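Below are the chains, spelled out letter by letter.
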Amino acid sequence: MVLSARAILGFISALYWISFAFGALSSPALAGALTKNCTQGWRHSGTPTGKNVTIAGVSTYLVEPTHRTGTKKVILFYSDVFGSFFINNQLLQDYFASQGYFVLGLDYFFGDPIGLHVDQDLHPFDPNFNLTAWVVKSRVQAAQAVPIWNKAVRERYGRNAKYNAVGYCFGALYSMEIGATDDVVATAFAHPGDLTEAHFTNLTKPLLMSCAEIDQTFPTVDRNRAVDLLTENNKTYHYQVFSNTTHGFATRSNPADPNSVWSMRESARSVAGWFDRFSN
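Thresholds, definitions, all that
Residues numbered from 1 in each chain as written. Predicted model: local features only at pLDDT ≥ 70, side-chain atom pairs only at ≥ 80, totals over all residues. Heavy atoms only, no water. Helix = DSSP H or I, 4+ residues; strand = E, 2+ residues; numbered from the N terminus. Buried < 20%, exposed > 50% of the residue type's maximum accessible area, 1.4 Å probe, protein only. Contact = heavy atoms within 4.5 Å. Core = buried A, V, L, I, M, F, W, Y, C linked by side-chain atoms within 4.5 Å. Pairing = 2+ DSSP bridges. Axes fitted to C-alpha atoms, helices over the stretch in contact; angles between N-to-C directions.

1. Some points on the environment of Ala212
Argument step 1. Relative to the elements of secondary structure, Ala212 occurs in strand β9 (residues 207–214).
Argument step 2. When its relative accessible area of 1% is taken as the criterion, Ala212 is described as buried.
Argument step 3. Sequence-wise, Ala212 and His247 are 35 residues apart; in three dimensions their C-alpha atoms are separated by 5.8 Å.
Argument step 4. Sequence-distant contacts of Ala212, defined by excluding residues within four places in its chain, comprise Arg223, Val241, Phe242, Thr245, Thr246, His247 and Phe249.

Here it is in C-alpha cells:
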C-alpha cells in the first residue's frame, strides 16, 4: 500500500501529539497551547537590514552586527507564529545585531507562517482555517529542522563563539530545549506557549523570562509556579512582567500605545543585556 503525503503527515502528526500527551502526563503543563491570541497584534514598519540565507536546507534570516569587538556573539532567534521573515521579527533581529550579535532566525514554517492566514490587521480572514492543525504541522516540521539547523549554525560560527537563544511564543519551546544543553551560554523567552514543568527543571543555562501581565497562555499562577521551580532547583534566572500588556507584546506592540511600545523595546533591551552578561 502506498500512502499519500497527506496520510504520512497525518500519521506523523498523530505520533507527535501522542508523545506530547504522554509528556504532559509526566510533566504538568505551564505555558498552554497556542490560541488565536498568538495571531493578533499590530504590524510594524521599517526597512530590514538582514538577508535570506540557507542553512541546513532551511531559509534563514541573517543579520550581522553593525559593530563587533572581542568574542564573536551569536543569537539563535526562534520566532513567534509569524516567522523570522515577518517585518516585526526582522526589525527585532536587526536590533539585536545593532547590539553586537550575529542573529539568525530559521523559517521552521517553511513558507507557511500564520501571516498567510490573517489579514493586514493580523486577524484571521479564512473561516475554514484550522489553527490546531496548522500548529501540529508546524511543530512536526520544526522538531525535525531545529536540531539540524542548530548544529549547522554552530559549525558556521565555530566552537569559540558565544551562543545564546531567544524564543517568542511558538519559539519559546526551542529556547528552553537548547537551554538544557551546553550549546548556549544563556537563553530567554517572551510570552511562551507549549511549556511544561520539565522545561524548567531540566534547564541548565541562565534564563530570562519576559512576560505579559495579561496572558491566558502563561497566566500568573503558572508564571509563579515556573519561578518556584527555578528557585527550588537553584537555577540562574531573571523574571520580568510588564503591566498592562498582553500576549505578543514583545513582537507585536501597539504603535499608538506608549506603554506597549516601551514594554516591547524594554523587553528587547533586557534580552540583549542578559546575553551580554554571559557572552562578554
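Having seen it, we continue.
2. Concerning the nonpolar core
Argument step 1. Grouped together as the largest cluster of nonpolar side chains are 56 residues, with contacts concentrated most on Tyr78 and Phe200.
Argument step 2. Per-element accounting of this core gives the leading share, ten residues, to helix α3 (residues 131–157).
Argument step 3. Judged by nonpolar contacts, the second largest core, of 24 residues, contains Val63, Tyr101, Ala188 and Ala272.

3. Some words on the sheet that holds strand β7 (residues 186–190)
Argument step 1. With mixed pairing, eight strands are arranged side by side in an open sheet as β2-β3-β5-β4-β6-β7-β9-β10. Of all strands in the sheet, those bounded by a partner on one side alone are β2 (51–55) and β10 (237–246). Going across the sheet, the axis of each strand differs from the next one's by a mean of 25 degrees, ignoring polarity.
Argument step 2. Pairing between β2 and strand β3 (residues 58–63): five bridges, direction antiparallel. Bridging from a neighbouring strand, Asn52 pairs with Tyr61 of β3.
Argument step 3. Those strands touched by helix α2 (residues 87–98) are β3, β4 (73–78), β5 (102–106) and β6 (162–168), and its axis lies near 50 degrees from that of β3.
Argument step 4. Set on the sheet, helix α7 (residues 258–279) makes contact with β4, β6, β7, β9 and β10; between it and β10 the angle comes to about 170 degrees.

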